[in-house]
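A closer look at the structure
Residues per chain, in single letters:
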Amino acid sequence: TGQVARINPNSGAMQGTPFQPALQPNGDMPKWYEPVRLDESQMVIARGQVDKEMPSVIYTLSGSNPRSIMKTGELVCESPVKSNVVLSGTQLFGVLETPDGDKLTSFTFQPLAIVKDVALEVDLVGGPWATAAGILVATSDGKLHCYQSDLSLKWSTELQDVKFACAPEITANVNGWLML
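So, how was this worked out
Residues numbered from 1 in each chain as written. Predicted model: local features only at pLDDT ≥ 70, side-chain atom pairs only at ≥ 80, totals over all residues. Heavy atoms only, no water. Helix = DSSP H or I, 4+ residues; strand = E, 2+ residues; numbered from the N terminus. Buried < 20%, exposed > 50% of the residue type's maximum accessible area, 1.4 Å probe, protein only. Contact = heavy atoms within 4.5 Å. Areas by Shrake-Rupley, 256 points an atom, 1.4 Å probe, with all protein chains shown as cover. Phe/Tyr/Trp six-rings, centres within 6.5 Å; stacked < 30°, edge-to-face > 60°. Pairing = 2+ DSSP bridges. Core = buried A, V, L, I, M, F, W, Y, C linked by side-chain atoms within 4.5 Å.

**A word on the overall build of the protein**
A count of helices and strands for the protein gives zero helices and 16 strands. Counting only residues that meet the buried cut, the protein has 38% of its 180 residues in that class. Long-range pairs, those at least 24 residues apart, make up 32% of the contacts in the protein between residues at least 6 apart in sequence. Carbon and sulfur atoms form 50% of the exposed surface of the protein, whose accessible area is close to 10,200 Å².

**Focus on the packing of aromatic side chains**
Under the counting rule described, the total for this entry stands at two aromatic pairs. Ring centres 5.0 Å apart and planes at 65 degrees place the aromatic pair Phe-19 and Tyr-59 in the edge-to-face group. Here Tyr-59 lies in strand β5 (residues 57-62) and Phe-19 lies in strand β2 (residues 14-19), a separation of 40 residues in the sequence. Each member of the pair, Phe-19 together with Tyr-59, is buried. When the centroid spacing of 6.2 Å and the interplanar angle of 25 degrees are considered together, the rings of Trp-32 and Tyr-59 count as stacked. Of this pair, Trp-32 sits in the loop between β2 and β3 (36-37) while Tyr-59 sits in strand β5, and the two are 27 residues apart along the sequence. Under the relative-accessibility criterion, Trp-32 is labelled partly exposed at 23%. Feature note: the residues Phe-19, Trp-32 and Tyr-59 constitute an aromatic cluster, connected by ring pairs.

**Quick notes on the pairing of β5**
Most of β5 sits inside the fold, with six of its six residues counted as buried. Neither face of β5 is exposed, since Val-57, Tyr-59 and Leu-61 on one face and Ile-58, Thr-60 and Ser-62 on the opposite face are all buried. Pairing of strand β4 (residues 42-47) with β5 involves six bridges; the strand directions are antiparallel. Bridging across to β5, Met-43 finds its partner in Leu-61.

**Focus: unusual backbone geometry**
Put simply, Gln-110 and Pro-111 share a cis peptide bond, and its omega is 0 degrees. Summarising the element assignment, Pro-111 is placed in the loop between β9 (101-109) and β10 (112-119). Backbone torsion omega between Gly-127 and Pro-128 reads 5 degrees, so that peptide bond is classified as cis. You can see Pro-128 is positioned in strand β11 (residues 124-130). Positive phi values are uncommon outside glycine, yet Leu-151 reaches one of about 70 degrees.

**Some points on the nonpolar core**
Counting 14 residues, the largest nonpolar core has Val-44, Ala-46, Ile-58, Cys-77, Val-81, Val-85 and Leu-92 as its most contacted members. Sorting the residues of this core by element identifies β4 and β8 (91-98) as the ones contributing at least two each. Core analysis: the next-biggest nonpolar cluster, separate from the first, contains ten residues, Val-86, Leu-104, Leu-124 and Leu-151 among them.

Dropping the structure here:
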C-alpha cells in the first residue's frame with residue numbers, strides 16, 4: 001500500500017519504523033502523491049482513492065522521533081484526491097474530484113480539515129503549484145489560472161498547448177515574470 005520511510009543518505013539504510021497505513025485485502029495499490037514539508041519534522045502526503053472501501057486520505061506525519069514516522073492527523077476525503085497537496089503560507093491546497101467536477105480546495109493542517117473549495121470550470125491537467133503569484137492550476141481547456149489564498153480567481157491566461165516540464169516558478173527579478 002506504500003510507506004513513508006526515513007533513509008540514511010550516506011548508506012541508503014532504512015532508519016526506524018516507517019509510516020504505513022493498514023494493508024487492504026483487495027491488494028489494489030493506491031496512487032500516492034508527492035509529499036509537502038510543513039517544517040523540519042512534519043509533512044503532508046495524500047493517498048488517492050482505490051475504491052469505495054479505500055477512499056482518499058490526506059495524512060500529516062511527524063519525523064521528530066528518530067525511531068519512527070508517526071501519523072499526527074488524517075482527513076478521510078469524501079471525494080477522491082486528484083493532485084499533490086501544496087503549502088502556501090499557512091494553508092494547504094489540492095484538487096478533489098467531485099461528482100460536480102474538479103474543485104480546488106484549501107485545507108488547514110492543525111487540525112487537518114477542509115476550509116473552502118472552488119469549482120474549476122473544466123478538468124485539472126496540472127498543478128496545483130504554490131508560487132509567489134498565487135496558487136496555479138492548469139485546466140483541460142488550455143488555460144492557466146491563478147488563485148489567491150482565499151480561492152478567489154486572480155487571473156487566467158491561454159496556454160496554447162504548453163506542456164509543463166516542471167512546476168512554474170516566479171523569477172527573482174523585479175518584473176516578477178512567471179516562468180513556464
